[in-house]
Amino acid sequence: MDEQALLGLNPNADADFRQRALAYFEQLKVSQDAWQVCAEALAQSIYSDDHIKFFCFQVLEHQIKFKYSELTEVQQQLIRETLITWLQAQMLNPQPEKTFIRNKAAQVFALLFVTEYLTKWPKFFFDILSVVDLNPQGVDMYLRILMAVDAELVDRDVVHTSEEARRNTLLKDTMREQCIPSLVESWYQILQNYQYNNSELTCQCLEVVGAYVSWIDLSLIANERFINMLLGHMSVEVLREEACDCLFEIVNKGMDPIDKTKLVESLCQVLQSAGLFSIDQEDDVDFLARFSKLVNGMGQALIASWTKLVKNGDIKSAQDALQAIEAKVALMLQLLIHEDDDISSNIIGFCYDYLHILKQLSALSDQQKANVEAIMLAVMKKLTYDEEYNFENEGEDEAMFVEYRKQLKLLLDRLAQVSPELLLASVRRVFNTTLQNWQTTRFMEVEVAIRLLYMLAEALPVSHGAHFSGDVTKATALQDMMRTLVTSGVSAYQHTSVTLEFFETVVRYEKFFAVEPQHIPTVLMAFLDHRGLRHTSPKVRSRTAYLFSRFVKSLNKQMNPFIEDVLNRIQDLLELSPPENGYQALLSSDDQLFIYETAGVLIVNSEYSAERKQVLMRNLLTPLMEKFKVLLEKLMMAQDEDRQMALADCLNHAVGFASRTSKAFSNKQTVKQCGCSEVYLDCLQTFLPALSCPLQKEVLRSGVRTFLHRMIICLEEEVLPFIPSASEHMLKDCEAKDLQEFIPLINQITAKFKTQVSPFLQQMFMPLLHAIFEVLLLPAEENDQSAALEKQMLRRSYFAFLQTVTGSGMSEVIANQGAQNVERVLFTVIQGAVDYPDPIAQKTCFIILSKLVELWGGKDGPVGFADFVYKHIVPACFLAPLKQTFDLADAQTVLALSECAVTLKTIHLKRGPECIQYLQQEYLPSLQVAPEIIQEFCQALQQPDAKVFKNYLKVFFQRAKP
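One structure accompanies this document, and this report is about it. Just so you know, these numbers come straight off a predicted model, no measurement behind them.

What follows deals with the environment of Ala211. Locating Ala211 in the fold gives a position in helix H11 (residues 199–212). You can call Ala211 buried: its relative accessible area is 16%. Residues Ala211 and Asn103, 108 residues apart in the sequence, show an inter-C-alpha distance of 17 Å. In this structure, Ala211 is in contact with Met147 and Asp150, ignoring residues within four places of it in sequence.

This part covers the pattern of salt bridges. Evaluated as defined, the whole model comprises 47 salt bridges. Among the ionic pairs, Lys737 bridges to Glu698, the shortest N-O distance being 3.6 Å. Taken together, the positions of Lys737 in helix H35 (residues 736–753) and Glu698 in helix H33 (residues 697–715) put the pair 39 residues apart, joining distant regions of the chain. Among the residues examined, Lys737 registers a relative accessible area of 36% and is labelled partly exposed.

Bringing the packing of helix H30 (residues 610–637) against helix H31 (residues 641–661) into the picture now. Helix-helix packing is characterised by the crossing angle of the two axes and by the distance between the axes. Two elements in contact, H30 and H31, have axes whose closest approach is 10 Å; the angle formed by their N-to-C orientations is 160°. Comparing their axes, H31 and H30 come out roughly antiparallel. Remark: the crossing between H30 and H31 carries left-handed chirality. Contact residues: H30 offers Leu620, Leu621, Leu624, Phe628, Leu631, Leu632, Lys634 and Leu635, while H31 offers Arg643, Gln644, Leu647, Cys650, Leu651, Ala654, Val655, Phe657, Ala658 and Thr661. Taken together, the residues of the contact of H30 with H31 break down into 14 nonpolar, 2 polar and 2 charged.

Right, let's get into the environment of Lys98. Counting through the fold element by element, Lys98 comes out in the loop between helix H5 (73–92) and helix H6 (99–116). In this structure the C-alpha to C-alpha distance between Lys98 and Thr119, which are 21 residues apart in sequence, comes to 32 Å.

Moving on to helix H4 (residues 50–66). A rise of 1.5 Å per residue sets the reference length of H4, with its 17 residues, at 24 Å; its end C-alpha atoms lie 24 Å apart and thus fit the reference within 8%. H4 sits mainly inside the fold: 12 of its 17 residues count as buried. Residues of H4 that are buried include every one of Asp50, Ile52, Lys53, Phe55, Cys56, Phe57, Val59, Leu60, Glu61, His62, Gln63 and Ile64, and no others.

Now for the packing of aromatic side chains. Under the criterion given, the structure shown has 52 aromatic pairs. Here Phe57 and Trp86 contribute two aromatic rings whose centre-to-centre distance is 5.1 Å and whose plane-to-plane angle is 90°, an arrangement assigned as edge-to-face. Of this pair, Phe57 sits in helix H4 while Trp86 sits in helix H5, placing them 29 residues apart in sequence. No difference in accessibility class separates Phe57 from Trp86, as the two residues are buried. Between Phe687 and Phe707, the aromatic rings sit 5.0 Å apart at their centres with planes inclined by 80°, giving edge-to-face as the arrangement. Of this pair, Phe687 sits in helix H32 (residues 677–687) while Phe707 sits in helix H33, and the two are 20 residues apart along the sequence. Among the residues examined, Phe687 registers a relative accessible area of 0% and is labelled buried. A connected cluster of aromatic rings, assembled from ring pairs, spans Phe468, Phe502, Phe503, Tyr509, Phe512, Phe513, Phe527, Phe548 and Phe551. Stacked on the ring of Phe248, the Lys or Arg Lys293 has its end atom at 4.7 Å from the ring centre. The residue whose ring lies beneath Arg405 is Tyr385, and the NZ or CZ to ring-centre distance is 4.3 Å.

Cut-offs and rules
- Residues numbered from 1 in each chain as written.
- Predicted model: local features only at pLDDT ≥ 70, side-chain atom pairs only at ≥ 80, totals over all residues.
- Heavy atoms only, no water.
- Helix = DSSP H or I, 4+ residues; strand = E, 2+ residues; numbered from the N terminus.
- Buried < 20%, exposed > 50% of the residue type's maximum accessible area, 1.4 Å probe, protein only.
- Contact = heavy atoms within 4.5 Å.
- Salt bridge = Lys/Arg side-chain N within 4 Å of Asp/Glu carboxyl O.
- Axes fitted to C-alpha atoms, helices over the stretch in contact; angles between N-to-C directions.
- Parallel < 35°, antiparallel > 145°, perpendicular 65-115°, else oblique.
- Left-handed = near helix turned anticlockwise from the far one by under 90°.
- Nonpolar A, V, L, I, M, F, W, Y, C, P; charged D, E, K, R; others polar.
- Expected span 1.5 Å × (residues − 1).
- Phe/Tyr/Trp six-rings, centres within 6.5 Å; stacked < 30°, edge-to-face > 60°.
- Lys NZ or Arg CZ within 6 Å of the ring centre and 35° of its normal.

Structure representation (structure tokens):
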């Protein structure tokens, strides 16, 4: 071997050596006999360096995985012998190999097993067992190989082809017949031999049992000698976690419901008598987390049995199962309330399913009611943040608690389904007690009290948030709590979690303010002062900006008395942050978007006259326009690229803010009705010059384009005079991405204004197409995936544009481009339908073709079009689906085929018998289609029901493809 290259395998080697080692590995992989050198090195222990040994196994792995069938019988035998020789050497090694080498070796063994077990090496496991016997280093390798085999056969994370899945099933069936009983016996011997003197091997063996139990005969494991041994391990500290997991796998195995109930019950009795149910005496949280998972498994197994027995009508056995479930509830509650969240989280599944049973029972016993209440109290307690939670810098632990809270929320929702009255009463009690003394109560308790009120909104379902009408008891309780929330002064609590929960809850129950509008000013002030938008925490300010916009929108007309006051108070928050470094604005530009939207909503929804609305809107937007002009001048003169970027961003924000205010308008309140057209036209006039700025083109164009999209929606035809010059600027030296984003703008104008923009479209049609073709024809590097994707997306946009033009009844835009150009466009559509393996584009192309046939395909269509139909469109309908890349099993492709069928139907509709004659006598015979199939095809095409032909066409091409 190349000793120099091997030096690069060491992780500490320098980059050149490492590069050389990688190249050498690639060279060995393709070499015919390099694997033999590696096999010899392993069998004879030539190298002591761990990285080289690992490397040799990698080369062997590659050979077995990809090139095994190329080897002769003798060479395959050599690989088997190499591995067995290496395994024998392990027993004599004074020191075991490093773990990563043993794991890689086990993977290679497993690969060989998968390849050879059914044919050349049926004694695979027996050969290994005869080598390792009970030698600890040998047993370690044997167990690792078993785990690697299990991973190859049943690992759910590995995606297998249907061929591999079939092979794996056959391997498992053969193993069950030929060797599983012997393997199970070997596990028992290993456990018995090592349980007291080698905990590592014992745990490894328990892991193997747990893995295999899911697919072997359970009676081999779930029997007295095995279970007794496992239960013995439950009281040995170093073994019990693994024993717990192993028992969990046994309990999890699918089996008859009555047998499963008996198995779980017998396990529980033994565990209980061993004192394992006394949770409070146990302080090993890692073990308790595994034990909690086991109890969860047992509980869920019993519930699954109960469900099946009820379904089968076996009432007596179902009753027994229910009793067994009830007997575990006390233990479940102890684990649920445990201060360690992992332990609590592991039992939630059982708890959730138990509540689901109670929901199905016609009446609850006193004990069951007490259980529901106990679960409720546990959930309320566990929802509480602990002292360690870091609100300013949330890390992994915090993220895990947030996930855990989501699980608890599901429990709370389920509790509401079982007993909504009890939930409401419990929350009300906790809420009132806490808020009476909020000043002297710890933040986490105040937060959870408000949080519970918030959670009730989803737990107690109503339509459209109408919590304050209907059921009087519920409405009164919620109204009382909301009144307490907004009048108690708790919004001033000095902790971000309480502040945020306050605002979230106020917005969630916005309907409360329709019932008691007198509280609106109090809440508005909280939003606007140091508790909300001016809070010291950026996180609170940011969230409040969003919630404030939602609050104002939801109150609608009730905001009328406060509009001018609010607009004055948010004035400073609307200022465009200058692009100077180090300037710290209260709100980020994203947060300011919400404030601008809110300002727009306040003005538009007000009861002011159109004149007054116009004045207010002008006051809101004029500062943006003035700033924009100044900043654009600065950008034109800026030399430094960072400075240019900062200015362009700032300009973009200004456009974005103006855009966002327009979201306040609606069909009922249009820009025109509010008298604001002129203000937005001024904005357009101000922003459009940015399109001709040569610097930071991408950022500026993107912002102005978005503004144009909004104006096309809001301004009606007043926007049209601005479109030609804007388009001209946007088409100047543009790239694939620019075009791709520009085309939707043109599509929007075309679809909205139709014939009004026909002259403009006719004028810009070819310039736009030239720009598109120019970009599509640019040479790209062969492996440049992103360039290929950009071109594909641009091609789709181009066809979408043609579809919009033809679909908006403006085919004259194409027709008036001169015969040569029309022909060129038509050929691109044919090409799109046939040549590019992109079903989304193909579908669009067939839609365009059928539309053109519908418009031009009749007797009075353009000269030469009928010829084009027969020479190009008809063949396209056959050539596209016959391509190998046209995959009829793919949903998008089937949609493309469906449009292809519509195209053929449309041709038949417009050309009548002439079309059938052409297919029968000329085109289909030229494809060597049998006469009876031609007959069948033409009959299907003439069926009045289009669906019949669509279905036929799919079958036609399925038969035609090899």
